[in-house]
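One-letter residues, chain by chain:
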2 protein chains.
Amino acid sequence: MSLNALDSLIETLKRLPGVGQKSAQRMAYHLLQHDRLAMPRLAEALTAAAERIKHCERCHTFSETPLCAVCADPQRDGRLLCVVETPADQAALERTGSYRGYYFVLLGRLSPLDGVGTRQIGVAELLARAAEPGVEEVILATSFTAEGEATAHVLTEALKARGITSTRLARGVPVGSELEYVDLGTIAHALTDRR
Amino acid sequence: MSLNALDSLIETLKRLPGVGQKSAQRMAYHLLQHDRLAMPRLAEALTAAAERIKHCERCHTFSETPLCAVCADPQRDGRLLCVVETPADQAALERTGSYRGYYFVLLGRLSPLDGVGTRQIGVAELLARAAEPGVEEVILATSFTAEGEATAHVLTEALKARGITSTRLARGVPVGSELEYVDLGTIAHALTDRR
Ligand SMILES: [Zn+2]
Ligand SMILES: [Zn+2]
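What this report covers is the structure whose coordinates are included nearby. Values in this document were obtained by computation on a predicted structure and should not be read as measured data.

**Re the relation of the copies chain B and chain A**
1) Next: Laying chain B over chain A is done by rotating through 180° and shifting 0.0 Å along the axis; what remains is an RMSD of 0.1 Å. One copy is carried onto the other by what is essentially a two-fold rotation axis. Nearest to the rotation axis, the C-alpha of Ala43 of chain B is located 2.0 Å from it, this being the minimum over chain B.
2) Next: Both copies contact each other with a shared surface, as 100% of the interface residues of chain B are interface residues in chain A too.

Laid out in structure tokens, this is it:
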């Protein structure tokens, strides 16, 4: 079949994370058969996003303006600086409504085998930001995976060497969980970090 | 956050089948952070597909030309006409390499509750196509779901009324299956349709 436009649509959809041959095919057929209007819409949204979304100069999160809305907000608590791996993590923290400080987004975590070192995640910029007057505590909210923990460890040491206090999010039993179903490592950490 | 371009990208990605809020967000973040090049590529592929992919005049499958490659191929067996629900089903049959006739693609199946009647699936066009000289057998390869079976039944009756012979794909035990794990309805059909 000479369906070059179809084949290339399917190939390109496969670049989306979690989309293999079968889902890409199902997506292409669905759009062509049931939702043609979505095709120009999605094309425009992709083009606009690629053109307009840059990184905040101060915290590195996605932003259409040089400073993101959080960094541009003088009402936030300037004593707190929370370090997260991704804009998605930052968004999750914002949704809790329980944090009013500023952020620094690493856009990754240390992973030497993948070529992600301190330069790639902006450690120098973070240290400069954390050394600004008024910052009293850097909260390390990297993930509780091996790489996230290693990243937090490296940052703790680098901050300590500059006399800057850092804390780590508490590990513990997720709210709403029954102990029986929580993994043993989490229970052990919850015991250690008990208040 | 004033991320209108990001929010609208996430909203638009949610129109893809099987993509909810979480996957749309993951897709958008992945593209922005790790694969910016894919964004214009996908935008172009969507635009080209929406503009260039129409339906074959003869069999209704997706085609960039008035006649699809199968319909335009004089080497196929003109005695056989296989009726499928979707271009994906047609592609699956083509991949088996065991069918050399022509196709008719319904682009759906009868589903009165969803407003899909005989007009929407092109029954009149199918009957005209099946009545062309040379066609000896119409193979109904609609799916073996309630709606696919109902569609096959309606088509069988309509074809019979015009003196056209139709057959149905055999139901049976999938190749490679152990009987123990095959559902009872399939085994019952395999018994009935035994050769
Ligand atoms: Zn910012
Ligand atoms: Zn055709």
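**Section: the environment of Ile164 of chain A**
Residues and elements named next belong to chain A.
1) Next: With respect to the element layout, Ile164 can be found in the loop between α6 (146-161) and β6 (166-168).
2) Next: Here Ile164 falls in the buried class, since its relative accessible area comes to 13%.
3) Next: Residues Ile164 and Ser177, 13 residues apart in the sequence, show an inter-C-alpha distance of 35 Å.
4) Next: Residues within four places of Ile164 in sequence aside, it is in contact with Leu127, Ala130, Ala131, Val138 and Leu159.

**Concerning the sheet that holds strand β3 (residues 77-84) of chain B**
Residue and element names in this part refer to chain B.
1) Next: Read across the open sheet, the four strands follow the order β4-β3-β5-β6; overall the sheet is parallel. Since the sheet does not close on itself, it has two edges, and those belong to β4 (101-105) and β6 (166-168), each with one partner. Within this sheet the neighbouring strands show an average axis-to-axis angle of 30°, counted without direction.
2) Next: Strand direction decides the pairing type here: β3 and β4, joined by five bridges, are parallel. Bridge pairing links Val83 to Phe104 in β4.

Here is what the cut-offs are and how they apply
- Residues numbered from 1 in each chain as written.
- Chains lettered and ligands numbered in written order.
- Predicted model: local features only at pLDDT ≥ 70, side-chain atom pairs only at ≥ 80, totals over all residues.
- Heavy atoms only, no water.
- Least-squares fit on C-alpha atoms with pLDDT ≥ 70 in both.
- Contact = heavy atoms within 4.5 Å.
- Helix = DSSP H or I, 4+ residues; strand = E, 2+ residues; numbered from the N terminus.
- Buried < 20%, exposed > 50% of the residue type's maximum accessible area, 1.4 Å probe, protein only.
- Pairing = 2+ DSSP bridges.
- Axes fitted to C-alpha atoms, helices over the stretch in contact; angles between N-to-C directions.

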